[in-house]
Amino acid sequence: NAGVTQTPKFQVLKTGQSMTLQCAQDMNHEYMSWYRQDPGMGLRLIHYSVGAGITDQGEVPNGYNVSRSTTEDFPLRLLSAAPSQTSVYFCASRMAQASGNTIYFGEGSWLTVV
Amino acid sequence: KNQVEQSPQSLIILEGKNCTLQCNYTVSPFSNLRWYKQDTGRGPVSLTIMTFSENTKSNGRYTATLDADTKQSSLHITASQLSDSASYICVVSAISNFGNEKLTFGTGTRLTIIP
């Protein structure tokens, strides 16, 4: 199994550009989420989805959009990139949002906005 | 506000030595506590998960302990290896009124093993 696959690994954007970070999982997990990791801070939740067609905001959703048309895919869209969105982004999935399930993370996407 | 604090921020030890990493939390209502290992440039990988009723859990040379009364957890690494060089992240879970799990992440301890 590939687990959670993120693309691209690295990306440089100019301020104002838009782009989509791709995330796919092959474990038939219901719950998927996007986090950002910044120096000196714990991972922060951007958006999450409890199943196909259902998404909701996390702790830091501004400037990001998500959709979940299939169980496998959960793309994260940056609408108009800003330097404050320079970060490492992780997609994660688990069986369900119920307590205690193992959370599987992707390998990360390094984004720089200049 | 739910918080997770990890100490030390960074640690350097000789290969073969043991070490203990600390995690203190103020998360309510507590559901479970996870430890993750994150290699440089990679995503976090699960080491252990403990619920309220568990006070010790092992995964190879990694042993996690939990004291739910004092809201403290530790991760003990035995006979360290060069491959243990990584950041170790403590993640504490709370259950919301709707039964959803809300995660609070620590900032991690950066462990470096030197030969």
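In case you missed it, the structure is sitting above this.
What you see as residue numbers is a count from 1 along each chain, following the sequence as written. Starting at A for chains and at 1 for ligands, labels are handed out in the order in which the entities are written. Restriction of local features to residues with pLDDT of at least 70 applies here, the model being predicted, together with a cutoff of 80 or more for giving and counting side-chain atom pairs; totals for whole chains, interfaces and linings are based on all residues. To obtain the side-chain values, all non-hydrogen atoms of the structure were included, while hydrogens and water were left out.

**Q** What exactly am I supposed to notice about the sheet that holds strand β8 (residues 76-78) of chain A here?
**A** Residue and element names in this part refer to chain A. Spatial ordering of the open sheet is given by β1-β3-β8-β7, a layout of four strands whose pairing is antiparallel. Among the strands making up the open sheet, the edge pair consists of β1 (4-7) and β7 (64-66). The sheet shows a mean angle of 20° between the axes of neighbouring strands, direction not considered. Here, strands pair whenever DSSP counts at least two bridges between them. Secondary structure elements are defined from DSSP: runs of H or I of at least 4 residues count as helices, runs of E of at least 2 residues count as strands, and each element is numbered from the N terminus. When β7 meets β8, the two strands line up antiparallel, connected through three bridges. Along β8, the bridge assignment pairs Y64 with L78. Orientation is described by axes fitted as lines to C-alpha atoms, over the contacting stretch for helices, and by angles from 0 to 180 degrees between their N-to-C directions.

**Q** What's the story with the pattern of salt bridges in this structure? I'm lost.
**A** Pairs can form between side chains of opposite charge once their charged atoms are near each other. By definition, a salt bridge exists where a carboxyl oxygen of Asp or Glu is found within 4 Å of a side-chain nitrogen of Lys or Arg. Enumeration according to the criterion identifies eight salt bridges over all chains in this entry. For E101 of chain B, the salt bridge goes to R94 of chain A, with nearest N and O atoms at 2.2 Å. Of this pair, E101 of chain B sits in strand β10 (residues 101-105) while R94 of chain A sits in strand β9 (residues 87-94), placing the two residues on different chains. In this structure, E101 of chain B and R94 of chain A share a single accessibility class: buried. As a salt-bridge pair, R42 of chain B and E107 of chain A come within 2.6 Å of each other at their nearest N and O atoms. Of this pair, R42 of chain B sits in the loop between β4 (30-38) and β5 (45-51) while E107 of chain A sits in the loop between β10 (104-105) and β11 (109-113), placing the two residues on different chains. The cut-offs for exposure are 20% and 50% of the maximum accessible area for each residue type, with area from a 1.4 Å probe on protein chains only; residues under the lower value are buried, those over the upper are exposed, and the others partly exposed. With a relative accessible area of 42%, R42 of chain B lands in the partly exposed category.

**Q** Explanation requested: the interface of chain A and chain B in the structure shown.
**A** You'll often see interface size given as the accessible area lost when the parts meet. Should any heavy atoms of two residues lie within 4.5 Å, those residues are considered in contact. Across the contact, 20 residues belong to chain A and 20 residues belong to chain B. Computed with a 1.4 Å rolling probe, the buried area is the accessible surface lost when two parts are put together, summed over both parts. Contact between chain A and chain B buries roughly 1,500 Å² in total, counting both sides, with carbon and sulfur atoms accounting for 50%. Counting every contact that joins chain A to chain B gives two salt bridges. In protein, a polar contact requires one atom able to donate a hydrogen and another able to accept it; more generally it is a pair of N or O atoms within 3.5 Å, and residues adjacent in sequence count only if both atoms are side-chain atoms. Taken together, the links from chain A to chain B amount to seven residue pairs in polar contact (both at pLDDT 80 or more). Those elements that provide at least two residues to the side of chain A that touches chain B are β4 (31-37) and β9 of chain A.

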